[in-house]
Amino acid sequence: MTALLETRGLVKAFGGLRAVDGVDLVVEQGRIHAVIGPNGAGKTTLFNVITGYLRPTAGRVLFRGQDITGWPPHRVARIGLARTFQITNIFPRLTVLESVQVALAAARGREKDPLSRSDRTFRDEALALLEDVGLVGLADQEARTLSHGDQRALEVALALAIGPKLLILDEPTAGMSPWETERTVDLIYEVARRRGLTVVLCEHDMQVVFKISDWITVMHQGRVIAQGLPDQIRRNETVIQVYLGEQV
Ligand SMILES: Nc1ncnc2c1ncn2[C@@H]1O[C@H](COP(=O)(O)OP(=O)(O)OP(=O)(O)O)[C@@H](O)[C@H]1O
Ligand SMILES: [Mg+2]
């Protein structure tokens, strides 16, 4: 079986710093795959290169066997690779429902249509997505008035609007209360399973990582230092030394 996503010898250098330094990543279809590691390990940079926000210095990115190295973000999105950002990224002035309608319109190549308040285009589809992420009750609120946790859930809805095969989440529970974290983790798990989505996420909360991941890749100083099942990673001496030790 071909992996859904693969990187081969991926390198991203910023001047003399190799933030991503020869990463071979294999993401199997249907998995929730965590990428973990200390601050500055290169996780976000890896995600940025995969999704076209940065061009790699060397190496290849393959999605469903197709070479997508260096493709711009919109083209990467169109073939089914969606992402959220470490910093919440929503349309602050629109309502929750309008935000998702705009995302759906953009995904269908309709981004030039002005979205008037009365526009009902994609309304039912947007409501269905909001139902999936538990925000349907807040559909008519302005996105900027949502709690932090609800904004992150909205971001997931916006990413789902492109109908992705793979969803990349950069620190989905960053800055959340324990209660919001638990809700978000359940949400990711449910949405992934229900839609048959593959998820790659980076996360510092190890309870979250060990709860939902099927597979874990550990990065340190731009390199992959370990990968395996959660139980293997939990007991890996090198991983404990460079990362997990400081978590417990
Ligand atoms: N645009 C940039 N220009 C120069 N250096 C950068 C740039 N982006 C990231 N870096 C550096 O690359 C390294 C990897 O950063 P990156 O943000 O990918 O780490 P990370 O694993 O996501 O960390 P965190 O867990 O803190 O989010 C760091 O040393 C960072 O300072
Ligand atoms: Mg990061």
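Residues numbered from 1 in each chain as written. Chains lettered and ligands numbered in written order. Predicted model: local features only at pLDDT ≥ 70, side-chain atom pairs only at ≥ 80, totals over all residues. Heavy atoms only, no water.

Draft legend 1. Structural context of the overall build of the chain. The number of helices and strands found in the chain is nine helices and 10 strands. Scaling as 2.2 N^0.38, a compact globule of 248 residues should have a C-alpha radius of gyration of about 18 Å, and the chain matches this with 18 Å. Dimensions of the chain, computed from C-alpha atoms along their principal axes, come out at roughly 55 × 40 × 35 Å. Residue burial in the chain is summarised as follows: out of 248 residues, 50% are buried. Sequence-distant contacts, at least 24 apart, represent 66% of the contacts inside the chain between residues at least 6 apart. Carbon and sulfur atoms make up 49% of the accessible area of the chain, which totals about 11,700 Å². Looking at charge distribution, the chain has the averaged site of its 29 positive side-chain charges lying 6 Å from that of its 29 negative ones. (Helix = DSSP H or I, 4+ residues; strand = E, 2+ residues; numbered from the N terminus. Rg over C-alpha atoms; globule rule 2.2 N^0.38 Å. Buried < 20%, exposed > 50% of the residue type's maximum accessible area, 1.4 Å probe, protein only. Contact = heavy atoms within 4.5 Å. Areas by Shrake-Rupley, 256 points an atom, 1.4 Å probe, with all protein chains shown as cover. Lys, Arg positive; Asp, Glu negative; His and termini not counted. Charge placed at Lys NZ, Arg CZ, Asp CG, Glu CD.)

Draft legend 2. A look at the sheet that holds strand β6 (residues 81–83). The six strands are arranged β6-β7-β8-β3-β9-β10 in an open sheet whose pairing can be described as mixed. Strands with a single pairing partner mark the edges of an open sheet, and in this sheet they are β6 and β10 (223–228). Averaged over all neighbouring strand pairs, the angle between strand axes comes to 20°, with direction disregarded. One ladder, built from four bridges, connects strand β3 (residues 32–36) with strand β9 (residues 215–220); its direction is parallel. Looking at the pairing, isoleucine 36 lines up with valine 218 of β9. Contacts between helix α1 (residues 43–50) and the sheet are confined to β3, β6, β7 (166–170), β8 (198–202) and β9, with β7 contributing the most and set at about 145° to the helix. Here helix α6 (residues 178–195) sits on the sheet in contact with β3, β7 and β8, set at roughly 135° to β3. (Pairing = 2+ DSSP bridges. Axes fitted to C-alpha atoms, helices over the stretch in contact; angles between N-to-C directions.)

Draft legend 3. Just the site of ligand 1, in detail. Taken together, 14 residues form the shell around ligand 1, and within it Asn39, Lys43, Thr44, Thr45 and His204 come nearest. Between an oxygen atom of ligand 1 and a side-chain N or O atom of histidine 204, the distance comes to 2.7 Å. Computed on the free molecule, ligand 1 has an accessible area of 640 Å², of which 62% lies beneath the protein chains in the complex. For the shell around ligand 1, the secondary-structure elements that each account for two or more residues are β2 (17–27) and α1. Counting residues per element, the shell around ligand 1 draws most heavily on α1, at three residues. In terms of residue class, the shell around ligand 1 is built from five nonpolar, seven polar and two charged. (Near = heavy atom within 4 Å. Polar contact = N/O pair within 3.5 Å; in protein donor to acceptor, adjacent residues only side chain to side chain. Nonpolar A, V, L, I, M, F, W, Y, C, P; charged D, E, K, R; others polar.)

Draft legend 4. Spatial organisation of the environment of glutamine 207. With respect to the helices and strands, glutamine 207 occurs in helix α7 (residues 206–212). Separated by 188 residues in the primary sequence, glutamine 207 and alanine 19 place their C-alpha atoms 26 Å from one another.

Draft legend 5. The arrangement of the pattern of salt bridges in detail. Within this structure, the stated rule accounts for 13 salt bridges. Between glutamate 6 and arginine 8 there is a salt bridge, with the nearest N and O atoms lying 3.0 Å from each other. The buried category is assigned to glutamate 6, whose relative accessible area is 17%. The class of arginine 8 is partly exposed, set by a relative accessible area of 45%. Arginine 194 serves as the salt-bridge partner of glutamate 190, at 3.9 Å between the closest nitrogen and oxygen. One end of the pair is glutamate 190 and the other is arginine 194, both in helix α6 and four residues apart, which spans about a single turn. (Salt bridge = Lys/Arg side-chain N within 4 Å of Asp/Glu carboxyl O.)

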